[in-house]
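# Tertiary structure, described
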Amino acid sequence: MRHVNQGIPKLDAKALITGRPAYTDDLAPANCLVVKVLRSPHAFAKINAIDTAAAEQLPGVACVITHRDVPRHRFTMAGQSFPEPSPYDRLILDRLVRYVGDPVAIVAAETERQADRALKAIKVDYEVLEPVFDPAKALDHPSIIHPEADYHVNHDIGNDPNRNLCASGEFCAGDLAAAFAAADVTVDQTYETRANNQAMMETFRTFCYMDHSERLTIVSATQIPFHVRSITARALGIPKQKIRVIKPRIGAGFGAKQTLVSELFPALVTLKTGKPSKMVFSRKESFTASTSRHAMRIRVRLAADRAGNVLGIHMDTLSNTGAYGEHGPTTVGLSGHKTMPLYNKAKAIKFTYKVAYTNTMSAGAFRGYGATQGTFALESAMNELAEKLNMDPLDLRLKNLVAQGEVMPGYYGEKLNSCTLADCIRRGKEMIGWDANHPCRQISKTKVRAVGAAITMQGSGIPNIDTASVEIRLQDDGFYTLMIGAADMGTGCDTILAQMAAEVLCCDMDRIIVSQVDTDHSPYDTGSYASSTTFVTGTSVIKAGKALIEKMITMAAGTLKADPGDLEFNGTAIFAGSPDGKKAITVEALARKLAVGNGACLSATATHSSPVSPPPFMAGFANIELDLETGKVVVKDYVGIVDCGTPINPNLARVQAEGGIVQGIGMALYEDITYNSAGKMMNSSFMQYKIPSRKDIGDIRVAFESSYEPSGPFGAKSIGEVVINTPAPAIANAIANACGVRLRHLPMTAEDVVMGLHARER
Amino acid sequence: MQLKNFSISCKINGRTYEENIAPDRTLIEFLRGLGFLSVKQGCDTSNCGLCTVWLDGTPVLSCSMLAARANGRAITTIEGVQEEATAFAGFMAAQGADQCGFCSPGLVMNILAMERELDDPTPEDIKHYLAGNLCRCTGYASQMRAIEAYLAAKTAKTAAATTAAPAAPAEGGA
Amino acid sequence: MFELKEFIAAQSLDQADELLHRDKKNVILGGLLWMRMGTRQFNTGIDLSGLGLHRITDLGDHIEIGAMTPLRQLEISRLLADNFGPVLRDAVCHIVGVQFRNLATVGGSVFSRFSFSDVITALLVLDTRVHLFRGGQIPLADFLETSPGRDILVKLTIPKQDVDTAYVCQRKSAADFPILAAALARTGSAWKIAVGARPSRATLAPKTAGLLSETPDKTQIDAAGNEILRELTFGGNGQGSREYREHLARVLVKRGIQKICS
């Protein structure tokens, strides 16, 4: 293949690296009103009164908006296909504020300073209510976080707002009681993951203006342009046709921008004032008033026989969705459904879950989306099982691993058509030097090297829901415009989709132009999330490319007076017999001809939605150095072996994997959103919430064991999310191997190691 | 007390600018206001390094410096070193190390400063010098490959130029 | 971001002093890295950049460090390394990044008396003296006991000494604040030990240091580890518990001694 499976540079690489203005705030008109939001200082309170008179009188202030002035349509900010599984539990501004940071009033002024002064001049009288922060205590707590009468759910999600229960459910296959009755060895442990911040470098930002036809234009750093259109329409109570959404280059998302965060405030201001406005979140605001990863408490019960056959798995998840239900009912499902199928040989599996509302910031989407939390729990439990069986944890996995051709009851009954996970494990074992380092090796009086491993799976899009349309147009010099609605957030999807188009259309990459996403022009796409873009949108590219070739052949047949069935297409020409022969026309000549006189616009649109979501797989191996005196853990070497089907662009796939692994290391060792007893977030900056710096990271080595997925474009599955899941359980395993301390909560700090060692001494 | 604007005269990318600015205007606000839109801000606590520019050739955080302090001094943004930035961009792109690109201009400015300040840096030296440039997309590994390849190509080019030049008569060996 | 109504580049220390005392809302501008995070409203910001206070100078029997000297210079100065070993370099090298350290000033670090300060921890073991425009010169340890007043920190001086030094610390991640930090210095058989981020401000531990001979044996090191817990107080915060800090104090003091003796 000329383009697919090649490490082609990203189309926007040079422009972005050399600093060309391409992001939302670079494009905002200079005369935008500056939008700022007054936020609740209380975790739970009712607004008795707001006095905005003084603020409105200040110089430069264009408007002050409170809960009295906003539309009363409840909605969810989660970017999901309609009808959304997340509850409609929000207003743009509500009388009840449910976490420290919940919006209370919106201010727009000519300058930032003026807006800041206006915020200070607003007087709010709060009736403070008793908050609840622990999800276990929140269930059936006297404080009801969503007492509103117009609370609405679109689906049966096991929801009861009067109990602070956002969602609940149960799944089982096989006879679990029998599996445990037959077990020789069992594990029963509870694991806890924490809220994390996505921490993309570009904070949330949006600007809006009314166009010449009085339509609201929203330019925003988003992963979900079409969902922004539909949620904004609902929240503002205006028809979708009155809204246009444009996505420029965006400074990453990792799921954070799969939720509306900054869009509605300037949209409302522009609608009210008729003036352009913009809102740029500070980093602090990005931390305290967006969405974080769902913190989860997961109990895992495993049953196995003496030979190491896993007989039964029971996972019970309690997820904290915070003040609002964004992505709450959906993330929790992945903690079980994208973990247990790894051990598909188990005779019985059971998954039970509850999602609780609390008075912390709303949780939302973050790369891995629940699978990450579930992987930490199940993989840690598998490592504990291996220890109890006195078995090498890799052998335990190989013995119980799901294999190609199997039907997976825990994975929506899908059949697994591509999987090289066993090869991933074997190769990683070799690369990390497992046999020489397992379980550990003392390298000095105070330092130990140890290895640990974990495996994982994810999905490729949401089956039967994610929809991607693609249009390819032949332009009049014989180049093509590739129009997509998927949102490149830095991952390089514009590039890999162009690679696929060039492959199908047999042309050079420079003949493919990828246009930016604009809901007025781009074909519909649910957006870039759930690891869907390569797999779902990529398939649409192939379909559209093939359809366009058919159309070019038909058109050429008329010109050449030939039967379309006799014509061939080789990328540069359409011909019968030989491209240099008499019955031949170049694509360029055809395109020119179509642009003159009685011509035609040749364009093909195709849509794809997949009935299946083939899982990518990964095996991760950590080689750590542990300081027995200080407890400090340094990841010296991390090996990740990935089965993402065919990597469309091996360079970009590698960087996805490296980046995901490093985020996973941060989550494992120090990333941790903490709240004080009043519900105020205590680490709302990069000074306090540390993401890994390059000094924190040792070697990261990634290799591919590529399977071929028959339902994917050129055999591809997804890569974007699966890569974040293994570090936490692999490092936990390595810590246990190094010093015998088993840590069942994240992050795993040096202090935890030391306290664990002290406890062992006692 | 009345607000007193400050008259500033400074060179930006070789051109002199004379402006009347608010006394508490930060350098990044000043630069973006003049249209130097490459300069990005990723935090409000001086931790991310995205806003890196040069002050008299030294890398500094433009979010944390008052523009008034640039009076009489020379500022360089990536718009002023496009040739070098483009050369480096080729090495980044070859690795796919650019990703979202939002941190790239600040990173490039610090890499080019490092190249001027350090001779023959080891991988540890490079990590140390660039530690203040955060990136959430890449995990840094691909950036490191790009930087090492870029520095190696520069060294090779310099070596080739030295070899090609007529050698000075050797006295007592080299 | 803080607000300023006026920016004045002082032409002399006298002028800066006059401006500072003219109005309670006037302020001396340091590196601004901390001040920018506040939202205070000031009248005149007084800039000392043009007064030549950014240099490290050899004055024969001591070395002078101007208040506006960037932390990056503490890291790379040959003069400081040759005279005082690695302690200053190793104390500042973790602080965020090169660009940050090119702006952050030693005067700002010392004047702010931050409890997590790596810089103060290291300077304490070197007999550093603080020179104030009005208050004259006082030992750093005494300066730290005073509350921040309205004076100008002009420079620091450190007497030249035949000293071996070490800086040891523990952090959650490379560029984070220290959970605990210790600076050690040995001149002949006399030791100095300072422990910072306890989480209260760095303090010298003379009793602990007094237990050590020129090349301490295991018994002396263990005794020092026990004494440091009696001599200094430790507490808990988001970075670490009191219990962990006490554990670390023993480890870091031992490692500092071993570093100097190896």
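From a predicted model like this one, the values you see are computed outputs, not experimental measurements. Positions within a chain are numbered from 1, following the residues in the order the chain's sequence is written. Working convention: letters from A go to chains and numbers from 1 go to ligands, in the order in which they are written. Owing to the predicted nature of the model, reporting of local features is limited to residues with pLDDT of at least 70; listing and counting of side-chain atom pairs is limited to 80 or more, with chain, interface and lining totals taken over all residues. To get the side-chain values, take all heavy atoms of the structure and skip hydrogens and water.

### Describing the interface of chain C and chain A
The following threshold applies: Whether two residues are in contact is decided by their heavy atoms: any pair within 4.5 Å suffices. Buried area is a sum: the accessible area each of two parts loses on coming together, probed at 1.4 Å, counted once for each and added. Each salt bridge in this description consists of a side-chain nitrogen of Lys or Arg and a carboxyl oxygen of Asp or Glu lying within 4 Å of one another.
Facing the 25 residues of chain C at the interface are 20 residues of chain A. Of the roughly 1900 Å² buried between chain C and chain A, counting both surfaces, carbon and sulfur atoms make up 48%. Applying the counting rule to chain C against chain A returns 5 salt bridges. Here Glu629(A) ties to Lys254(C) by a salt bridge, and the two come within 2.1 Å at their closest N and O atoms.

### Remarks on helix α19 (residues 727-739) of chain A
Residue and element names in this part refer to chain A. In plain terms, the rule: The way it works is that DSSP assigns letters per residue, a run of H or I at least four long becomes a helix, a run of E at least two long becomes a strand, and they are numbered from the N terminus. By this rule, a helix spans an expected 1.5 Å times one less than how many residues it contains. Three labels apply to residues, based on accessible area from a 1.4 Å probe with only protein chains included: buried if under 20% of the type maximum, exposed if over 50%, partly exposed otherwise in between.
In a regular helix each residue adds 1.5 Å, so 13 residues correspond to 18 Å; α19 covers 18 Å between its end C-alpha atoms and thus fits that length. Across the 13 residues of α19, 13 count as buried, placing the element largely inside the fold. Following α19 by one or two positions, Gly740 has its phi on the positive side, about 80 degrees.

### Topic: the pattern of salt bridges
All names here are of chain A. Enumeration over the complete set of coordinates arrives at 70 salt bridges over all chains. We note a salt bridge from Arg74 to Asp150, for which the minimum N-O separation is 2.7 Å. Placement of Arg74 in the loop between β3 (61-65) and β4 (96-97) and of Asp150 in the loop between α5 (135-138) and β7 (165-173) is noted, with a sequence separation of 76 residues between them. Here Arg592 makes a salt bridge to Glu588, at a shortest N to O gap of 2.8 Å. Placement of the pair is Arg592 and Glu588 together in helix α17 (residues 587-594), with a separation of 4 residues, close to one helical turn. The exposure class of Glu588 is partly exposed, given its relative accessible area of 37%.

### Description of the interface of chain A and chain B
Test applied: N or O atoms closer than or at 3.5 Å make up a polar contact, with two conditions inside protein: a donor-capable atom paired with an acceptor-capable one, and, for residues adjacent in sequence, both atoms drawn from side chains. The classification used treats Ala, Val, Leu, Ile, Met, Phe, Trp, Tyr, Cys and Pro as nonpolar, Asp, Glu, Lys and Arg as charged, and all other residues, Gly among them, as polar.
With 55 residues of chain A at the interface, the matching set in chain B holds 50 residues. Between chain A and chain B, the buried area comes to about 4100 Å², and carbon and sulfur atoms account for 56% of it. On the chain A side of the interface with chain B, the three residues burying the most area are Ile17(A), Met201(A) and Arg694(A), jointly 24% of the side's total. Counting every contact that joins chain A to chain B gives 7 salt bridges. At the junction of chain A and chain B, the tally comes to 26 residue pairs in polar contact (both at pLDDT 80 or more). Secondary structure elements with two or more residues in the side of chain A that touches chain B: α1 (13-17), α2 (24-27), α9 (283-288) and α18 (650-669) of chain A. With 9 residues, the single largest contributor to the side of chain A that touches chain B is α18(A). For the side of chain A that touches chain B, a count of residues per class yields 23 nonpolar, 16 polar and 16 charged.

### What about the side chain of Asn47(B)?
Looking at the secondary structure, you find Asn47(B) in the loop between α1 (27-33) and β3 (52-55). In this structure Asn47(B) comes out as buried when scored by relative accessible area, which is 7%. Here the side chain of Asn47(B) touches Met687(A) through a polar contact of 3.5 Å, landing on its backbone nitrogen. Engagement of the side chain of Asn47(B) in a polar contact is seen with the side chain of Thr45(B), the distance being 2.7 Å. Among residues more than four places away in sequence, those in contact with Asn47(B) are Phe686(A), Met687(A), Lys690(A), Gly132(B), Leu134(B) and Val96(C).

### Side note on the pairing of strand β13 (residues 295-304) of chain A
Residue and element names in this part refer to chain A. What counts is decided by this rule: Two strands pair if DSSP finds at least two bridges between them.
In terms of residue burial, β13 counts as a mostly covered element, since 7 of its 10 residues are buried. Alignment of strand β8 (residues 185-193) against β13, held across 9 bridges, turns out to be antiparallel. Looking across to β13, one finds that Thr186 is bridged to Ala303. Sheet analysis places β13 next to strand β14 (residues 310-322), joined by 10 bridges and oriented antiparallel. Following the sheet pairing, Ile298 is matched in β14 by Thr317. The antiparallel hairpin formed by β13 and β14 contains 5 residues in its connecting segment, where Gly308 sits at a positive phi of about 95 degrees.

### Points about the domain arrangement of chain C
Residue and element names in this part refer to chain C. Counted only if it meets this: For the purposes of this description, domain bounds are those given by an automatic or database domain assignment.
Structurally, chain C comprises domain 1 (3-45), domain 2 (56-159) and domain 3 (164-261). Relative placement of domain 2 and domain 3: their C-alpha centres are 20 Å apart. Across the contact, 22 residues belong to domain 2 and 27 residues belong to domain 3. Summed over both partners, the interface of domain 2 with domain 3 comes to about 1800 Å²; 61% of that surface belongs to carbon and sulfur atoms. Sorting the residues of domain 2 by area buried against domain 3 places His94, Thr121 and Val125 first, and these three jointly supply 31% of that buried surface. Salt-bridge contacts for Arg171 lead to Asp118; the nearest nitrogen and oxygen are separated by 2.7 Å. Where domain 2 touches domain 3, the interface holds 9 residue pairs in polar contact (both at pLDDT 80 or more). Secondary structure elements with two or more residues in the side of domain 2 that touches domain 3: α4 (87-92), α7 (118-124) and α8 (140-145). Among the elements that take part in the side of domain 2 that touches domain 3, α7 stands out by supplying 5 residues, more than any other. Split by residue class, the side of domain 2 that touches domain 3 holds 13 nonpolar, 4 polar and 5 charged.

### A short note on unusual backbone geometry
Residue Pro83(A) is bonded to the preceding Phe82(A) through a cis peptide linkage, with omega at -10 degrees. Looking at the secondary structure, you find Pro83(A) in the loop between β3 and β4. Note that the residue after Arg198(C), namely Pro199(C), is joined by a cis bond; omega there is 5 degrees. When you line up the elements, Pro199(C) lands in the loop between β11 (190-196) and β12 (203-204). The backbone of Ala199(A) sits at a positive phi, close to 55 degrees, despite the residue not being glycine. Counting through the fold element by element, Ala199(A) comes out in the loop between β8 and β9 (205-210).

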